[in-house]
Amino acid sequence: MATIRVPDQVPSPAQDSETLNQAFRGWGTDEKAVIRVLGQRNESQRRKIRESYREVYGKDLINDLSSELSGDFMKAVVSWVYDPAERDARLVNKILNKEKKRKKGVVENLKVIVEISCTTSPNHLIAVRKAYCSLFDSSLEEHIASSLPFPLAKFLVTLASSFRYGKDKTDAEVATIEAAMLREAIEKKQLDHDHVLYILGTRSVYQLRETFAAYKQSYGNTFDKDVDGCPGDADLRSLLQVAIFCIDTPEKHFAKVVRDSIEGFGTDEDSLTRAIVTRAEIDMMKVRGEYFNMYNTSMDNAIIGDISGNYKDFLITLLGSKI
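None of these values were measured; they are calculated from a predicted model.

## A closer look at the overall build of the chain
Along its length, the chain carries 20 helices and zero strands. The C-alpha radius of gyration of the chain comes to 21 Å, within 12% of the 20 Å expected for a compact globule of 323 residues. Dimensions along the principal axes, computed over C-alpha positions, put the chain at roughly 65 × 45 × 40 Å. Out of the 323 residues in the chain, the part that is buried amounts to 49%. When contacts within the chain are restricted to residue pairs at least 6 apart in sequence, long-range pairs at least 24 apart make up 71% of them.

Here it is as structure tokens:
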């Protein structure tokens, strides 16, 4: 369930384009107008506004937003205005370019690739791969393989190239058989076993949830817990756990992303922005509910208490509040 609120009466894309252009004129920028327009338009409406803006003013709205706004507010608005597939393709490209320059990769960033691969629809993941080829003259799979060490590359290529069945049909017998295959990989201490990659990279999320339930019923522990206790590559183990979490309970995953981004010293604005921008039109209402269940406090209030200014106003607009 989405949290953004689109008004009953929405101006035409040309009218919204004019409002935005007016917001950029003169001394300073009318940030409230930017939030009011873009923060209350759905994906299709934002795409039409961007098209109209280019037709009328001969400029890319993204470029004007980037020059007129600043800081985390600018990053959040620009991310929101991008087509979702382009947004995710750019995000992954930025992560892979960072990882390629490191002598030792930081697995925390790579979790975003798992997140995109395991919490979005099959058609969206195809759109991300198409956008990646168009934007960067390389396939997503090629870039992963050339940027990361084995077995991380093997695992992430498997996830990123998957096309999962999207309906909720499951097979209990297959779940039991494949739970045994996952158990065999645990017993052999081979988290990169082909069985693990085959199952996690091909089955629908509904079938995998059935398999995880069958695993727990047959072997006592959850598959996630047994992965955590399995020796071997710590980075692969971490990515596997994120994949399991994203497949089994995506709303809890994003609730944890939000919590981790605002807990402790300082705020991880990039993670907070990503969670809200990518889920505001999908399941942010459920994420909000899971956040309360997990942490016994309001997610909205926690965010409001941690950030400020136009950045705060924009994010809470995406969460359904009025400024």
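## Structural notes on the packing of helix α4 (residues 61-68) against helix α5 (residues 71-81)
Direction vectors running N to C along α4 and α5 enclose 170°, while the axes themselves pass 9 Å from each other. When the axis of α4 is compared with that of α5, the two are roughly antiparallel. Each of L61, I62, L65 and S66 in α4 lies in contact with α5, whose residues at this interface are M74, V77, V78 and V81. Here the residues of the contact of α4 with α5 sort into seven nonpolar, one polar and no charged.

## Focus: the nonpolar core
Judged by nonpolar contacts, the single largest core of 52 residues is most densely connected at I144, F155 and L156. Broken down by element, the residue count for this core peaks at eight residues, all from helix α15 (residues 234-248). Those residues in contact with F155 that lie beyond four places of it in its chain are L197, L200, L236, L239, L240 and A243. Within the second largest apolar cluster, 44 residues are counted, among which are I62, F254, Y311 and L319.

How each quantity is defined
- Residues numbered from 1 in each chain as written.
- Predicted model: local features only at pLDDT ≥ 70, side-chain atom pairs only at ≥ 80, totals over all residues.
- Heavy atoms only, no water.
- Helix = DSSP H or I, 4+ residues; strand = E, 2+ residues; numbered from the N terminus.
- Rg over C-alpha atoms; globule rule 2.2 N^0.38 Å.
- Buried < 20%, exposed > 50% of the residue type's maximum accessible area, 1.4 Å probe, protein only.
- Contact = heavy atoms within 4.5 Å.
- Axes fitted to C-alpha atoms, helices over the stretch in contact; angles between N-to-C directions.
- Parallel < 35°, antiparallel > 145°, perpendicular 65-115°, else oblique.
- Nonpolar A, V, L, I, M, F, W, Y, C, P; charged D, E, K, R; others polar.
- Core = buried A, V, L, I, M, F, W, Y, C linked by side-chain atoms within 4.5 Å.

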